[in-house]
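Per-entry structural report
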Amino acid sequence: MEGYHKPDQQKLQALKDTANRLRISSIQATTAAGSGHPTSCCSAAEIMAVLFFHTMRYKALDPRNPHNDRFVLSKGHAAPILYAVWAEAGFLPEAELLNLRKISSDLDGHPVPKQAFTDVATGSLGQGLGAACGMAYTGKYFDKASYRVYCMLGDGEVSEGSVWEAMAFAGIYKLDNLVAIFDINRLGQSDPAPLQHQVDIYQKRCEAFGWHTIIVDGHSVEELCKAFGQAKHQPTAIIAKTFKGRGITGIEDKEAWHGKPLPKNMAEQIIQEIYSQVQSKKKILATPPQEDAPSVDIANIRMPTPPSYKVGDKIATRKAYGLALAKLGHASDRIIALDGDTKNSTFSELFKKEHPDRFIECYIAEQNMVSIAVGCATRDRTVPFCSTFAAFFTRAFDQIRMAAISESNINLCGSHCGVSIGEDGPSQMALEDLAMFRSVPMSTVFYPSDGVATEKAVELAANTKGICFIRTSRPENAIIYSNNEDFQVGQAKVVLKSKDDQVTVIGAGVTLHEALAAAESLKKDKISIRVLDPFTVKPLDRKLILDSARATKGRILTVEDHYYEGGIGEAVSAAVVGEPGVTVTRLAVSQVPRSGKPAELLKMFGIDKDAIVQAVKGLVTKG
């Protein structure tokens, strides 16, 4: 074996003892909680013992140290054994394990980043390996450091397609600092896993994706030490044949015990049985890491120069995004861009052209792209910007949801929103994206309406915590803001106003420009409207909207290139609900659209300037 030194018998016994102590802690914690997954923990005990107390290099009292090896528990329901590991390492008090799943404890039922040793939340299965790929890519290509990344998966979650998206990614980019451990314990939640113990099939699948693959007895500490000791110029997959509930007499390898704690009497008896096999209470100290990760500062990243647009010139906000990102890339070498084979449409190719070493092509695998970004962002190593058609982020909604639970700071740009993309038709039109991103906790939703606003949105997103979404459009629209215009999260803009305004019209992107055209047309009928640009749909500038509504007889008209549900109209309605004398009228896309020219489609779905003119006249007449 390259670099492999067989541990002596004393070390091997110490690892066996550690594995059994981890089993005992997992059983005690889940029995005390009255819920949890002890059998899923017990199958992984030797894997966790060898990983943390023989293979990995880390500072036990500083889990987020940038030099540490990383570990992702993709099978998040085995959280109790992860907590047991950190108690064994001396980071957690052992007594805290008995507070598992209590509201007063940070030891949730699945791992979350309020725990210092958890980088990404897991529990929605099939996502851990993608995040681990992002960490490994960052270690290899950005940090150029020696830390390694380990990810343990359950065999049940290997049915998730996102696992194989991640396998493909790691193979393509030769992530030789990444090790995936498949805990093949045969049993799923309600049935055996489809391949059960056919480890040779798992091996062939992993090898087909470009991984060096080793089959081991997952309960043999010696085989595990040997497998982890192999270094190759490709990612490594360890297929560990294990038994669910290993060490629990009468339950090992039996169905119908998934997610069930042992009753107290049974737990006590089993713990005594396992404890009788422990030869020494002496703990193994963690091996410290090689300290070669660079120090990184991603705070306060600012554009090197102000925008350089000219009022009246036309540019699509999707192109303005690409230009802005390329520009911001000069302000920090930790700005990175990811795309899913749409870079010539989202214009992230402009970033790639100027910063080729910081562009990650994720190909057509949007779920994995989001997971990669989450992994890249961990421990504040990078500021990722992901782009694709906004419609395609919907398939990654679970990854985005879990990114929020991971308290991740990632920026997502969705282009080709709404019917205004034209002839490509409804499969390419994002009409649900605002609803989706507004529902994500602590998210910020930018909807810039010209090139200046887009550049400001990119800069603000880089410095805003949480999930940021930037919605960009395909049509070219006029620059309406001066280059020194100040933009802030949660601050809307009054684009047009007079003392005689009768209706407040709120639009964004293409519909803001339709509203301005409508205002021009309404002048002929001596009707003036106030036009608002929300800039961020979340958070919304409630005060400015209410002030404008009160100045326009309480009348608000929203118009958006999005379905009625969950978009700008509903956001505005929620902001003004309960305010006396304020009414909201909404124009939006009411049904599945079709192919056509952008102007034809805006007209067909009643969100163009003529529809705004009609709606305003109706409100004024009614008033």
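What counts, and where the lines are drawn
- Residues numbered from 1 in each chain as written.
- Predicted model: local features only at pLDDT ≥ 70, side-chain atom pairs only at ≥ 80, totals over all residues.
- Heavy atoms only, no water.
- Salt bridge = Lys/Arg side-chain N within 4 Å of Asp/Glu carboxyl O.
- Helix = DSSP H or I, 4+ residues; strand = E, 2+ residues; numbered from the N terminus.
- Domains from an automatic or database assignment.
- Contact = heavy atoms within 4.5 Å.
- Buried area = accessible area lost by both parts, 1.4 Å probe.
- Phe/Tyr/Trp six-rings, centres within 6.5 Å; stacked < 30°, edge-to-face > 60°.
- Buried < 20%, exposed > 50% of the residue type's maximum accessible area, 1.4 Å probe, protein only.

A few points about the pattern of salt bridges
This structure, assessed with the given rule, holds 31 salt bridges. Arg334 is the salt-bridge partner of Asp143, the closest N and O atoms lying 2.6 Å from each other. Of this pair, Asp143 sits in the loop between helix 5 (128–142) and strand 2 (149–154) while Arg334 sits in the loop between helix 10 (317–328) and strand 7 (335–339), and the two are 191 residues apart along the sequence. It is possible to trace a salt-bridge network through shared partners that takes in Asp143, Arg334 and Arg381.

Some points on the domain arrangement of the protein chain
In terms of domain boundaries, the protein chain breaks down into domain 1 (10–276), domain 2 (313–479) and domain 3 (493–622). On a C-alpha basis, the centroid separation for the pair domain 2 and domain 3 is 25 Å. The interface is formed by 37 residues belonging to domain 2 together with 33 residues belonging to domain 3. Between domain 2 and domain 3 lies a buried interface of about 2,500 Å² when both sides are counted; carbon and sulfur atoms form 61% of it.

Comments concerning the packing of aromatic side chains
What the rule picks out here adds up to 22 aromatic pairs. On the basis of an interplanar angle of 70 degrees and a centroid distance of 5.1 Å, the ring pair of Phe52 and Phe71 is categorised as edge-to-face. Taken together, the residues span a long stretch of sequence, with Phe52 in helix 3 (residues 45–55) and Phe71 in strand 1 (residues 70–73) at a distance of 19 residues. Assessed through its relative accessible area of 1%, Phe52 is described here as buried. Residue classification places Phe71 among the buried positions, given a relative accessible area of 9%. Taking 4.5 Å as the distance between ring centres and 40 degrees as the angle between the ring planes, the aromatic pair formed by Tyr137 and Tyr141 counts as tilted. Residue Tyr137 and its partner Tyr141 are located together in helix 5, separated by four residues, close to a single helical turn.

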